[in-house]
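If you want the building blocks of each chain, they are given just below.
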Amino acid sequence: MKQFDLVGDGVKLVLKENVLAVLSDAPLNTVSSAFHNGGGLKKTNAILNVEVLKSCSDSCLHDDPDAFIMDSAKKLGFTESFVGMVTAAAIENFSLVSKRNSDLAVSVIATAADNEGNTCNFAESAGEAIEIKHIEGTINIIVVIDGNPTESCLVSTLITATEAKMAALRELDIRSRYSGDEATGTVTDAVVAAKTNRGAPIIYGGPASELGQLVGYCTRKAVKEAIMKANECMPCRSILNRLKERHLSIEKFAFELSKVKSLNADEKTIASNLVKILRSDLLSASVVMAAVKIDEDIEKGLIPPEFGQIRVLSKNFGEFFFKQTGVNTAEYDSVDLPLFLKNVLLGLMKNALSKAKTESLK
């Protein structure tokens, strides 16, 4: 069993087999969205984050998740009065961040990545349509406050921690599995806020308060670190991956651009050219990403009035970087891609194919 110090006397973090637990000599007060013993103000000496083992089938877990949590808790000698969460992430890949400001201190523990390097596989953007057939990946957060926030203040720290989690996802440009939009979490996230009850009552826990700033800082850093322990969510992932996460695949581009007969190229030729350009032509790749960002803003209605007619501007944008000629209106309209991206890709392909033809004649 491994042990780590947390803020507050007699409060520690332990890791044993598939259980990551916050243990306290004195009872902690908690509010949470935890599956076992979650909800409003509870007193407990233990907060458990239980990893779902690969040997445990989906039906085993979902038919009776409470039984799985209870069975795992016995490894630490607990049979009742604990708060318990479950996760598909490998708990050994947890991140721990602590910060103190005078007599007030916060520790945040976050888990997100599994041992295969996956995380946020089922990231979502709250409010979108979601169809779930299988679940992997969960971001679980435990906030430990060495202080005495009031009950409403403790609830407020849950909101602050959730906002900080979203900020971490935004920093890493994590995208929804279902829409490609900016993710706000995963479909099974849970959060626990606990306090040691030491000191004078604290009233405010929002992002601008002293307590909220500690919670926000620690949560944002812990979640980001936990996510980055999965290789596919590194900040430096390739442009092809960044596009795919937005549901913008090379195959989609090639299929749509092949409708433009004046290109005189099939899907395979277009796809291979696009891959080559995006991997080797840094300027073109950066223009593609810029076009994608503008299209995202347009989709959300974030259109500056100075932009005027978007259709006209998008064509001018493409022509500014890549000369376009010979695409008739019917062919242009048949290409089902966002406007700025469409014009940039058309210009890229016309230039690339024209250059290839010229070189073949030499």
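Residues numbered from 1 in each chain as written. Predicted model: local features only at pLDDT ≥ 70, side-chain atom pairs only at ≥ 80, totals over all residues. Heavy atoms only, no water.

Q: Would you take a moment to explain the overall build of the protein for this structure?
A: Within the protein one finds eleven helices and 13 strands. The proportion of buried residues among the 362 residues of the protein is 50%. For the protein, the share of sequence-separated contacts (at least 6 apart) that also reach a separation of at least 24 residues comes to 73%. Total accessible area on the protein is roughly 17400 Å²; 53% of this is exposed by carbon and sulfur atoms. (Helix = DSSP H or I, 4+ residues; strand = E, 2+ residues; numbered from the N terminus. Buried < 20%, exposed > 50% of the residue type's maximum accessible area, 1.4 Å probe, protein only. Contact = heavy atoms within 4.5 Å. Areas by Shrake-Rupley, 256 points an atom, 1.4 Å probe, with all protein chains shown as cover.)

Q: Explain the packing of helix 3 (residues 151-171) against helix 4 (residues 210-228) here, please?
A: Relative placement of two packed helices is described by the angle separating their axes and the distance separating the axes. Orientation of helix 3 relative to helix 4, taken along the N-to-C sense of each, is 40 degrees, at an axis distance of 8 Å. By the angle between their axes, helix 3 is oblique relative to helix 4. Note on packing geometry: the crossing formed by helix 3 with helix 4 is right-handed. Contact residues: helix 3 offers Cys-153, Thr-157, Thr-160, Ala-161, Ala-164, Lys-165, Ala-167, Ala-168, Leu-169, Arg-170 and Glu-171, while helix 4 offers Leu-211, Gly-212, Val-215, Gly-216, Thr-219, Arg-220, Val-223, Lys-224 and Ile-227. (Axes fitted to C-alpha atoms, helices over the stretch in contact; angles between N-to-C directions. Parallel < 35°, antiparallel > 145°, perpendicular 65-115°, else oblique. Left-handed = near helix turned anticlockwise from the far one by under 90°.)

Q: Would you mind showing me how to read helix 6 (residues 250-257) here?
A: Note: α-helices contain 3.6 residues per turn, so residues at a spacing of three or four share the same orientation. Within the sequence span of helix 6, burial applies to Ile-250, Phe-253, Ala-254, Glu-256 and Leu-257. Within helix 6, the buried residues cover an arc of 170 degrees as seen down the axis, which keeps them to one side. (Arc of directions from axis to C-beta.)

Q: Which parts of the structure should I look at to understand unusual backbone geometry?
A: A negative phi holds for most residues other than glycine; trans holds for most peptide bonds. In the Ramachandran plot, Asn-37 falls in the positive-phi region, its phi being about 60 degrees despite a non-glycine side chain. Along the chain, Asn-37 turns up in the loop between strand 3 (19-32) and strand 4 (39-51). Phi angles above zero are rare outside glycine, and His-247 is one such case at about 65 degrees. Of note, His-247 is situated in the loop between helix 5 (239-245) and helix 6.

Q: Just checking my understanding: could you explain the pattern of salt bridges for this structure?
A: Any two side chains of opposite charge can pair, given that their charged atoms come close. Going through the model one piece at a time under the given rule, you end up with 19 salt bridges. Linking Asp-189 and Lys-165 is a salt bridge whose minimum nitrogen-to-oxygen distance equals 2.8 Å. Of this pair, Asp-189 sits in the loop between strand 11 (185-186) and strand 12 (190-195) while Lys-165 is found in helix 3, placing the two residues 24 residues apart along the sequence. The class of Asp-189 is partly exposed, set by a relative accessible area of 21%. (Salt bridge = Lys/Arg side-chain N within 4 Å of Asp/Glu carboxyl O.)

Q: Which parts of the structure should I look at to understand the nonpolar core?
A: One recurring pattern in soluble globular proteins is that nonpolar side chains are buried together. Judged by nonpolar contacts, the single largest core of 37 residues is most densely connected at Leu-243, Phe-253, Leu-257, Val-288 and Leu-345. The element that contributes the greatest number of residues to this core is helix 11 (residues 339-360), accounting for nine residues. If sequence neighbours within four positions are ignored, Leu-345 has contacts with Phe-253, Leu-257, Leu-274, Val-288 and Leu-337. In this structure, Cys-120, Leu-158, Leu-211 and Val-223 belong to the second largest nonpolar core, which totals 34 residues. (Core = buried A, V, L, I, M, F, W, Y, C linked by side-chain atoms within 4.5 Å.)

Q: Sorry, what's going on with helix 4 here?
A: Its 19 residues place the ends of helix 4 27 Å apart at the C-alpha level, agreeing with the 27 Å of an ideal helix rising 1.5 Å per residue. All of the buried residues in helix 4 are Leu-211, Gly-212, Leu-214, Val-215, Gly-216, Cys-218, Thr-219, Ala-222, Val-223, Ala-226 and Ile-227. (Expected span 1.5 Å × (residues − 1).)

Q: Please clarify how the environment of Leu-96 should be interpreted in this entry.
A: Mapping Leu-96 onto the fold places it in strand 6 (residues 95-101). For Leu-96, a relative accessible area of 27% puts it in the partly exposed group. Taking the C-alpha atoms as reference points, Leu-96 and Leu-13, separated by 83 residues in sequence, lie 9.4 Å from one another. With sequence-adjacent residues up to four places away left out, Leu-96 is seen in contact with Phe-4, Asp-5, Leu-6, Ser-107, Val-108 and Ile-109.

Q: Explain the packing of aromatic side chains to me, please; I cannot follow it from the model alone.
A: Any two aromatic rings considered together are summarised by their centre-to-centre distance and by the angle between their planes. For the structure shown, the criterion picks out five aromatic pairs. Relative to Phe-321, the ring of Phe-317 has its centre 5.2 Å away and its plane inclined at 65 degrees; by these criteria the two rings are edge-to-face. Of this pair, Phe-317 and Phe-321 both sit in helix 9 (residues 310-321), four residues apart, roughly one helical turn. Its relative accessible area of 34% is what places Phe-321 among the partly exposed residues. An aromatic cluster is built from Phe-317, Phe-320, Phe-321, Phe-322 and Phe-340, whose rings are joined through pairwise contacts. Here the basic side chain of Lys-342 rests over the ring of Tyr-332, its NZ or CZ set 4.1 Å away from the ring centre. (Phe/Tyr/Trp six-rings, centres within 6.5 Å; stacked < 30°, edge-to-face > 60°. Lys NZ or Arg CZ within 6 Å of the ring centre and 35° of its normal.)

Q: Please explain the pairing of strand 2 (residues 11-16) as it appears in this structure.
A: Both faces of the sheet carry side chains from a regular strand, because those side chains alternate between them. Relative to strand 2, strand 1 (residues 2-5) is paired through four bridges, and the arrangement is antiparallel. If you follow Phe-4 over to strand 2, its bridge partner there is Leu-13. Between the antiparallel neighbours strand 1 and strand 2 lie five residues, among them Gly-8 with a positive phi of about 95 degrees. Two successive antiparallel strands, strand 2 and strand 3, enclose a turn made up of two residues, where Glu-17 displays a positive phi of approximately 55 degrees. (Pairing = 2+ DSSP bridges.)

Q: When you look at the pairing of strand 6 in this model, what are you seeing that I'm missing?
A: Bridge analysis of strand 6 against strand 7 (residues 104-111) gives seven bridges, and the strand direction is antiparallel. Bridging across to strand 7, Asn-101 finds its partner in Leu-104. In sequence, strand 6 turns back onto strand 7 through a hairpin of two residues, with Ser-102 there showing a positive phi of about 60 degrees.

Keep in mind that these numbers describe shape and distance, not what the molecule does.
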